[in-house]
Structure formats: C-alpha cells, structure tokens
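Spelled out, the chains give:
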Amino acid sequence: MWRLVITRLCVAVPMIVMVSTATFFLGALSPIDPAEFVLGPDPTQEQVDRVRQEMGLDRPVLAQFQEWAAGAVRGDLGSSVFTGEPVSATLIRALPVTLSLTLGGLVLSVLLGLPAGIWAGLRAGRLGDRVTTGLVTVGQAVPNFWLALLLILAFAVHFRIFPAVGYVPISEGVGPWLHSITLPSIALGTAAGAVLARQTRSAIIGVLQQEYIRTALAQGLPRWRVVGKFGLRNAAVPIVTVIAFEVASLFGGSIVVERMFSMRGFGSVTIDAVLRRDPDVIQGVIVIAAAVMIVIQLVLDLSYAWLNPKVRPS
Amino acid sequence: MTAGTRLRRLLAQKATPVAGLFLAAVVLTALLAPLLAPYPPDTGDLLRPSELPSAGHWLGTDSLGRDVLSRLMYGARAALLAALVAVVIAVLIGLPLGLVLGYLGGWPDRIAMRVAEAVNAMPFLLVAITLIAILGPGLIKSMAAVGVIYAVMVLRLVRGEVLAAREELYVTGALVVGNRTGRLLWRHVLPNVAPSLIVQITAMFATGIIVEATLSYLGLGTQPPDASWGNMLADAQASAYDHPFLALPAGFAIMLTVLAFNLFGDGVRDLFAREATGSVLHAAPARRVTQVTERAGGPEPAGEEPLLRVRDLSVSFPTGPGERADVVSGVSFDLGRRRMLGLVGESGSGKSVTAMALLGLVPDPGRVTAATITFDGRELAGASGRELRRIRGREVGVVFQDPLKALNPAFTIGTQLTEPLRVLGGMSAREARARAVELLDLVRIHRAAERLGHYPHQFSGGMAQRVMIAMALSMTPKLLIADEPTTALDVTVQGEVLDLLRDLQAEIGMSVLVITHDQGVVADLADDLMVMYAGELVETGSVRRVFERPRHPYTAGLLASMPRNRPRAGRLPAIPGTVPHPGEAGPGCRFAARCPFVIDRCREAPVELTALGDGAARCLRVAEQLTFDGTEAWTAR
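Residues numbered from 1 in each chain as written. Chains lettered and ligands numbered in written order. Predicted model: local features only at pLDDT ≥ 70, side-chain atom pairs only at ≥ 80, totals over all residues. Heavy atoms only, no water.

I'd like a description of the confidence of the model for chain B, backed by residues and values.
On average, residues of chain B score 84 in pLDDT, and 89% of them reach the 70 mark or higher. Interface confidence for the predicted complex, given as ipTM, is 0.87, next to a pTM of 0.84. (pLDDT = per-residue confidence, 0-100.)

If you had to explain the interface of chain B and chain A to someone new, which residues and values would you point to?
On the side of chain A, 71 residues touch chain B, which itself brings 74 residues to the contact. Counting each side, the surface lost to burial between chain B and chain A is near 6700 Å², with a carbon and sulfur contribution of 70%. Here chain B is connected to chain A by three salt bridges. Between Glu419 of chain B and Lys229 of chain A there is a salt bridge whose closest N-O contact spans 3.0 Å. Ranked by residues supplied to the side of chain B that touches chain A, first place goes to helix α10 (residues 247-272) of chain B with 11 residues. For the side of chain B that touches chain A, a count of residues per class yields 49 nonpolar, 16 polar and nine charged. (Contact = heavy atoms within 4.5 Å. Buried area = accessible area lost by both parts, 1.4 Å probe. Salt bridge = Lys/Arg side-chain N within 4 Å of Asp/Glu carboxyl O. Helix = DSSP H or I, 4+ residues; strand = E, 2+ residues; numbered from the N terminus. Nonpolar A, V, L, I, M, F, W, Y, C, P; charged D, E, K, R; others polar.)

Which residues make up a nonpolar patch on the surface, and what are the values?
Residues and elements named next belong to chain B. Taken together, Val27, Leu28, Leu31, Leu32, Leu35 and Leu36 make up a surface patch of nonpolar side chains, about 570 Å² in accessible area. For the nonpolar patch, the elements supplying multiple residues, two or more each, are α2 (15-31) and α3 (33-36). Tallying contributions element by element places α2 first for the nonpolar patch, with three residues. Inspection of the secondary structure assignment puts Leu31 in helix α2. (Patch = residues over 30% accessible without salt bridge, like charges linked within 9 Å, V, L, I, M, F, W, Y side chains within 5 Å. Areas by Shrake-Rupley, 256 points an atom, 1.4 Å probe, with all protein chains shown as cover.)

An account of the UniProt feature "transmembrane region" (unreviewed entry) in chain A is needed here, citing residue identities and associated values.
Residue and element names in this part refer to chain A. Under the feature "transmembrane region" (unreviewed entry), the UniProt entry names residues 9-29, 101-122, 134-157, 177-197, 235-261 and 281-307. In this annotation, residues 9-29 is assigned 100% helix and 0% strand; the end-to-end C-alpha distance for the span is 30 Å. Summarising residues 134-157: 92% helix, 0% strand, and an end-to-end C-alpha distance of 30 Å. (UniProt positions renumbered as here; feature names shortened; annotations may be inferred.)

Describe the layout of surface pockets, listing the residues and the values that go with them.
The volume enclosed by the second largest pocket comes to roughly 760 Å³. Around the second largest pocket sit 31 residues that line it, and Phe24, Leu57, Gln64, Pro279 and Asp280 of chain A are the ones nearest its centre. Only α1 (2-29), α3 (45-55), α4 (61-73) and α12 (279-307) of chain A together with α6 (124-135) of chain B provide two or more residues apiece to the lining of the second largest pocket. If you tally residues by element for the lining of the second largest pocket, the top one is α4 of chain A, at five residues. Among the residues making up the lining of the second largest pocket, the classes are represented as 13 nonpolar, 10 polar and eight charged. (1 Å grid on protein atoms, 1.4 Å probe; cavity = no way out; pocket = protein on both sides within 12 Å on 5 of 7 lines; lining within 4 Å. Points joined across faces, edges and corners; volume = space filled by probe spheres on them.)

Mind laying out the pairing of strand β3 (residues 323-335) of chain B, listing which residues take part and the relevant values?
All names here are of chain B. For β3, the tally of buried residues reaches 10 of 13 residues, placing the bulk of the element in the interior. Of the pairings in the sheet, the one linking strand β2 (residues 308-320) to β3 comprises nine bridges and is antiparallel in character. Within β3, the position partnered with Phe317 by the bridge is Ala325. Counted along the chain from β2 to the antiparallel partner β3, the turn is two residues long, and its residue Gly322 has a positive phi close to 75°. (Buried < 20%, exposed > 50% of the residue type's maximum accessible area, 1.4 Å probe, protein only. Pairing = 2+ DSSP bridges.)

I'd like to hear about the UniProt feature "domain: ABC transmembrane type-1" (unreviewed entry) in chain A, residue by residue, with values.
The residues that UniProt annotates with the feature "domain: ABC transmembrane type-1" (unreviewed entry) are residues 95-304 of chain A. With 84% helix and 0% strand, residues 95-304 of chain A has its two end C-alpha atoms placed 27 Å apart.

Talk me through the packing of aromatic side chains; I want residue IDs and the actual numbers.
Within the structure shown, the criterion is met by 14 aromatic pairs over all chains. Centroid distance Trp146 of chain A to Phe252 of chain B: 5.1 Å. Interplanar angle 75°. Geometry classified as edge-to-face. Here Phe252 of chain B lies in helix α10 and Trp146 of chain A lies in helix α7 (residues 144-158), a pairing that spans two chains. By relative accessible area, Trp146 of chain A is classed as buried at 3%. Under the relative-accessibility criterion, Phe252 of chain B is labelled partly exposed at 38%. Summarising the aromatic geometry, the rings of Phe230 of chain A and Phe411 of chain B are spaced 4.9 Å apart at their centres and angled 70° between planes, so their arrangement reads as edge-to-face. (Phe/Tyr/Trp six-rings, centres within 6.5 Å; stacked < 30°, edge-to-face > 60°.)

So what's going on with empty space enclosed by the protein? Which residues, and what values?
Residues and elements named next belong to chain B. Considering all chains together, one arrives at eight cavities of 30 Å³ or more under this definition. Here the largest cavity defines a volume of roughly 90 Å³. Together, 14 residues line the largest cavity, and Pro553, Cys589, Cys595, Cys602 and Cys619 are the ones closest to its centre.

Describe the sheet that holds strand β9 (residues 479-483) of chain B, naming the residues involved and giving the relevant values.
Residues and elements named next belong to chain B. Strand order in the open sheet made by the eight strands is β8-β9-β10-β4-β11-β12-β14-β13, with mixed pairing throughout. Looking at which strands have only one partner, the edges of the open sheet turn out to be β8 (396-399) and β13 (610-611). As paired strands, strand β4 (residues 340-344) and strand β11 (residues 528-533) are joined by four bridges and run parallel to one another. Paired with Val344 across the bridge in β11 is Val531. Against the sheet, helix α21 (residues 553-560) engages β4, β11 and β12 (536-542), with an angle of about 105° to β11. (Axes fitted to C-alpha atoms, helices over the stretch in contact; angles between N-to-C directions.)

Describe the pattern of salt bridges, and please don't skip the residues or the numbers.
Residue and element names in this part refer to chain B. Under the counting rule described, the total for this entry stands at 35 salt bridges over all chains. Between Arg435 and Glu438 there is a salt bridge; the shortest N-O distance is 3.2 Å. With a gap of three residues between them, Arg435 and Glu438 both fall in helix α15 (residues 429-442), about one helical turn apart. Taking the shortest distance from any N to any O, the salt bridge between Arg447 and Glu450 comes out at 2.7 Å. A residue is classified by how much of its surface remains accessible, and Arg447, at 52% relative accessible area, is exposed. With a relative accessible area of 43%, Glu450 lands in the partly exposed category. Through salt bridges with shared partners, a single ionic network connects Arg337, Asp376, Arg378, Glu395 and Lys478.

Quick rundown of the environment of Arg324 of chain B? Include the residues and the values.
Residues and elements named next belong to chain B. As for its placement among the helices and strands, Arg324 is situated in strand β3. Counting along the chain gives 123 residues from Arg324 to Arg447, while the straight-line C-alpha distance between them is 50 Å. The contact partners of Arg324, leaving out residues within four places of it in the chain, are Ser316, Phe317, Pro318, Thr319, Pro365, Gly366 and Arg367. Looking at Arg324, its side chain comes within polar contact range of the side chain of Ser316, at 3.0 Å. Among the polar contacts made by the side chain of Arg324, one reaches the main-chain carbonyl oxygen of Pro365 at a distance of 2.6 Å. (Polar contact = N/O pair within 3.5 Å; in protein donor to acceptor, adjacent residues only side chain to side chain.)

Which residues make up the packing of helix α14 (residues 413-423) of chain B against α15 of chain B, and what values do they have?
Residue and element names in this part refer to chain B. Where α14 meets α15, the closest approach of the two axes is 9 Å, and the angle between their N-to-C directions is 120°. For the pair α14 and α15, the sense of crossing is right-handed. Here Ile413, Leu417, Thr418, Leu421 and Arg422 of α14 come into contact with α15, specifically with Ala429, Ala432, Arg433, Arg435, Ala436, Leu439 and Leu440. The class makeup of the residues in the contact of α14 with α15 is eight nonpolar, one polar and three charged. (Left-handed = near helix turned anticlockwise from the far one by under 90°.)

Please give an account of helix α10 (residues 223-260) of chain A that cites residues and values.
A rise of 1.5 Å per residue sets the reference length of α10 of chain A, with its 38 residues, at 56 Å; its end C-alpha atoms lie only 46 Å apart and thus fall more than 12% short of the reference. In the stretch just after α10 of chain A, Ser262 of chain A is the one whose phi turns positive, near 45°. (Expected span 1.5 Å × (residues − 1).)

See the structure below:
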C-alpha cells in the first residue's frame, strides 16, 4: 500500500515539473505581449520597454524561468501583473469554490448515473434499458452552461428558491453552502451522470457475460446476490476509471458553470488571466490543477489495488 | 460485409437516418445562411429589442433588436466550421503520428505516450484554455488549440491499432523479416482503424460543437458581434430577467445537433460491432411441451427409477428477425443413480447446451422446451426459476471447462467456496470455513486453510479445476455435471483430475454426466455413452458396446480418429468437413454431407433413432450391420 503511494508521488514530482516547464516555455513562445495589455491600445515603444523591464520580461527566458522555479519551490508562485496580488493567495481563495462544485457535481452524477447504469445494464435490450439509454443520450447532448442558464431561469428567476449568483463558503454553515452550490452541481452533474450511466451499463453487460457469473448461478446463489456481491465488484474497475476521468472533466466544466453563477473560482481566475495575458496566474492555475489531478489519480490507483487483486502487491 | 449490406443495415436502424437527415439540414443551413437568413446577423433594429416570436421575427429578437433566427443560422456556420477545424487538425496530426509511433516503438513512443497520458489526465477545458492563452482568442485559433488536444486522442487510438495489427501479423506469420513491414502494417491497420476512427470523428464533432459554444460563451472563441450559439447564450444570460425566451433557440440548436452527431456515431458503431446483451442472468427455465412421440431413448437401467429422465429436450436461438433454429433437437435420455454417463461430440454439436438447458442456464435469447425433465422425482420442465435455483448447487453441481474463467478473479476462493454454504446451507462464517477446508482436503489440495485466502490467478490450471470440483461438491449433490472438465488443462494433469472425479463418484455415490469431445475420457470413466451430432443424439449405448461395435458411421468415425496406443500405418484418419450450422443441415440425415456410407434415401427425410439391444442409433442403414473396420472410408474422401 505505502509502496504504491510512494511510487506515485515519485512520478508526481517530475510530472508537475514537466507540466510547469512546458507551460512556461510555450507561454514565452506566444506572440502576445502582456505589456501591451497593461498599457492599453497604442502605447509608445518607450512605455512598452519600461513596463517590460518592470515585469522582468526583458531578461532571457531561461533566467525568468529560473527565478519563477526558485520561487515555486518555496511556495511563491509569483503575482498578478494586474492586481499585484500573490498568485498563491488568489488560488487559495478560488480553489474551494471549484472543488465544491466538482464535489457537488460528482456526488450528483454518481447518484444519478450509477443506479441508472446498473438498472439499464441488468435489463439490457429491454424497454427499460432503451428508455434509459435514450435519456442518457439526450443528457449527454445538453451543454452544462445552458442547463445552468435554464436552471437559473426556472429556480432563481421564476421560482425564487435558489440564488442565481454567488458562492457561500462552507465556513458560513453547511446549509447556506449547499444552498449556493445546488444549482451549479445539477448543471455539472447531469451530463457527467449520463456518461457514467452509459459506461456503467456497458460494464455491467460485459461482466454478466463472463463465465464466473454462470458459475455463481450454477452454485444456486440467488440472482440479487450474484449481481450485488459478485457482479458489481467485477464491474467496479471500469466504473472507477470513468469516475476518475469525470473528476477531471467536472473540474474543467466548473470553469464555465462558475461563470454562469458569477462565482470567483478557478474558472474566473483562469479566464481573466488568459484574456489579460497574466503569465504567473496562468502558470499557477496549471500547476495547481496538475497537483489536484495527481491526487485524484493516486486515490484511483489505491482503489484499483483494492478492487483488483492481480495488481495488489502481495 | 459489403458496402451495400452496410448501407442497408444503417437504413434499417430508425434513429440513424433521421439523425443523418437532420445533420444534412444543419450543414445546408450553415452553407446557405446568407441566402436563407431573413435579416443580417449582426445589425438589429434598436427600436424593437427583446421581442417574442412573431410573423416578422419567427424566433423573436435579442436585446439589440437582432433577428434570432438569422443569428441562429449564422451560428450554425461558426459551430460547424469550428468543429471541422478541430477535427481536421486532430486527424492531420494524430493519424500520421500514431502510425509512426506505433511502428517505431521504443523511446519516442514511450515519451509520447507519457505526454499523452498527462494531457488526458488534465481537465480538457483547462488545457484548451491554456493553449488559447498561448495562441490568443478567436474562433479559428481557439479551435486549433482544441484540435491539438483531440489529436492526442486520435494518436492513442491509431497507435493502439498499429500495435494490435503488429501483434496479429507476428502471430499469423505474415510478418517475417523486414522491408515490407511498413506496407503490410499500413494495409492491415487502415481497415481496422477506420471504424473506430469514424466513430471517434463523430464524437469529436459532437463535443467540438459544445466546446465552440462554451469557448464563445466565455469570450475566448467567436468574438462579438459575430454570431455563435455560445455568444447567443451569453446574451441570453445578460437578459435573463427581461427576456428569458432567448435562452431556448441557441440551447436547443446545440443540443439537437450534438444529439444528432451522437446518434449517428452510435449507428455507425453498431454496424461494425453489435453489442451482445444476452446473459445467463435472464435465462428462462425450460417450457413444458407435450411429447410428440416416445422415442427410443438412451439406455434404460432395469428396475430402479432413474435419477434423471429427459424427453424431447430442444433448445433454439434466434437466427434473424422472427426466425429461430434448433441447436439441440429432441434429445431424450435417462441417467441412472450412481451411473456415469458420457456425452460426446465435436464442438458445435450441442453437448454443453444440452447440459446447461437442464439447469436453466442457457443464456438469454435461447429458448428451452422439453416434454419432461424429471430429476429425482420432480418435474423441472415448466418449473419456475425459483424451483430450478433450489436444485442448482444443492442437488446438481457443475464443473466447467476453463476453471480460470469460471472462477471469479476478484474474490478469494475461500469467499467463492463459502458463499453458497452460508447463503444456501445457512452455515455461520466459521462453519462454512471449516467445511471449505474439508472440501479442499477432499479434492487433495494441500495446505487447505492457507489456500482459502488465495485468488484464482494464484492457482495452476489443474489446481483451479480441483477448486472448481470442490465448489461443485460443496452441497453434496446427487448429480455432477462435468462440462469438458479436462479440455483446458495440461495433458499431464488431465489424468489426475479424471482419477479424482472417479474416486469422488465412488466416495459420494453421485451420478455424473460428463461432457467431452475426448473419447479417452469416456472410455476411462463412463458406464454409458451418448454421441451427439448437430444437435441430435445419433447413438447411445453402454461404453463397452459402443466402443466395440459402433452402429452409427459418425460414432465409428470419432473412434477411428482417436489416437490409440497401437502402431498404425499412414496418417491418423479424420472425418472431413465440419458440423453444419443450426438450421442448415437439410431435411434428411444431418450427417449425410460427411458420411462415406450415404445413400440417396438418407437425404430425403429426417432419420429416427432405431432401438438396438443395447442403446439406439440414428441411421437408416443400421439394419445392414455395416462394418466400419479399416480407415479407408475416412481418408479416402
């Protein structure tokens, strides 16, 4: 168990280094000059040079990277060109918003997708399965931010049940926090739940065709026991893979949905940074996102080891 | 499958043609937007903002008085163009790169796959936005960034196919040495990769439409005042309080287009790989039918009521819409108490299906009928699933062919052994464990207590088959069905497993139905023998009689093709040809096409079993006392 954690962490460090290096140098190659954004339209060459010098952009790229990396190791990810705020402070404020939505969307998608997928998989080819599969196909086609808009129109504008905008931190109470993330979580979780339902369905169908299911039935075990105890455990490996992939896509999806609900999460930070070419912020966003994904991957690996004895080190 | 039949199958699906027509309409609208749109997309009548649908504006106007329908049409242009850009870039980069990496292998491949994994593990939208940060916002530039990420997916797909083709070529020996490798791979890979690539492309189009809308909504894609479905939703959000209707047209346009792409992709995928959904979980028990004729059945043990009496057992599977064909037809036999009955035949003769049909374990689309299946005085034909389940495990144990597939890889054998003991036998965990140890001792597995904690993959084939036997015997059944119990095992351990089966039968005093295509197994173990061909019993009798004096040419052929421990000149004889597919045997004797003794009358009408002093045979010429000695008959043809 611990060996797996340590191996994973050993892989994680070079991965973060790789991601941040790639982002930095690709950013340096970009034809867009942040200085021009700071100065607005038609600056004089003198102004540009001065700002570039202030921002440290006139020095060689390698030196810039060296300075950034030296800071990053100490936990200093630089600061925004526009607000002057340290990047780490911005991200620490934004991360709980995005993680809340990701978590909310995940819980909802699992609650929706897992039972629907299992139900359809057990009835493969019959009416119930075809209806579920049809709904799932429609669910997958709904863009999450459109669903968010429809939810706002219905439950915030028409019926004033949920707030249309704003995030309430969990430190101000679990109730208000849940209240503020309900609509965004539904918007995020629906399409994810549809994907999960579809994958769960095919995992179940695949497992039910395995010979060991026939063995369990031949032993005289009741159907619910065969499915509930043996089948689900066998189907769990592909399902867990999908769930892990979904965490990444929910994290990305919350970028848009946050925007719809005017929440200051990772999404707003990222988009503002991209539109204004704020290099340190972009860099920080990517590094933190990579770290989050690595943690998720680690959790996934650990659950694999639990689910599949063949990969478990004995 | 030819292109013609593919097209016909595509049209036979209901959803796919509708989706295709819808997509064609979207494409046409996008192309002809300047002609079709009733108003210019980017200038509006500021005096008529936020109007609901009317005769003048079919979908109303937005907050700047622009016609929504016109913007929707131009939006289709942006959406399709965007998706096209991304897909073209993805294929142009991903396809050649995937081919080259799969072909070269080695460190370039390893590095590329590491990068691909990293890209795939990151949130898609975040990677796209980062790339846009480098390229700058705008429809084409942002979708080019998306295309680069899609390329990673295409690359993985193509590389996987190249590796698979490589493997296959090595296995089949087509790839011997060197210089033609590239061309061979190319010829093998393209047809294999095409179906999944097409499905992937429709999926990329579908997500591409959503991504374009998303990026435009965020202000990174299509820049206002140009029309895009994403921009329109951003406008809709701004006027959420005074003109909520605006949220509908663009949203539905995205949803329906994406839906059409997905349905189309599903339809194409089904053409190449139809999803198999049948499962034993839904196996239906045998239906009872009235018996047509009392057939001369198998060997009747004198006096005592047999443990198992089967009459007119048939199993059919669907072969097309509304059509079914028998894979087992009208099988009748008796199995006496403490007897061992062998059921032999080539693969495809219906032996295993016959055995599974007794227990209601024929997978879903299969249909089982029988006049009677009497087991130990109880009627199983027409019994409910619940009644059948009571028989399974408790009274009938089954040993399957391949123990490593028949045992569940995710559970220890201890769990798999004790589960029925606890659920059916009502034992406590401790009692069940003690019994499991006994059972492993019974099948002669050493260190039984320790082995209970092991997983199936930690056992060799022979040992795993012993575990399987222990599982089948756990509730001390009256009947053991052994379905090819030694076929998947090493020759060296086959004998041990057979010895074990024979000893256990003597110890426990159960009846055994052993299914095999190996006559040696039958000669070793069984008292009686049934030979099956193309779903029918062709000969029954005591093992001794059948081996000494076979009465059906097929039985004789099977025996002649058996390697024996005596010197023989020339090659081992074999029966030429293969078993006909269900429903394709013709009206007469099903073996006629392969029989060296065939006469015209054989092909005319079905042949019935003829009772013999010992057993029965299904041959018109049985009365002629044909001699099958010598192997000329089998090698001559």
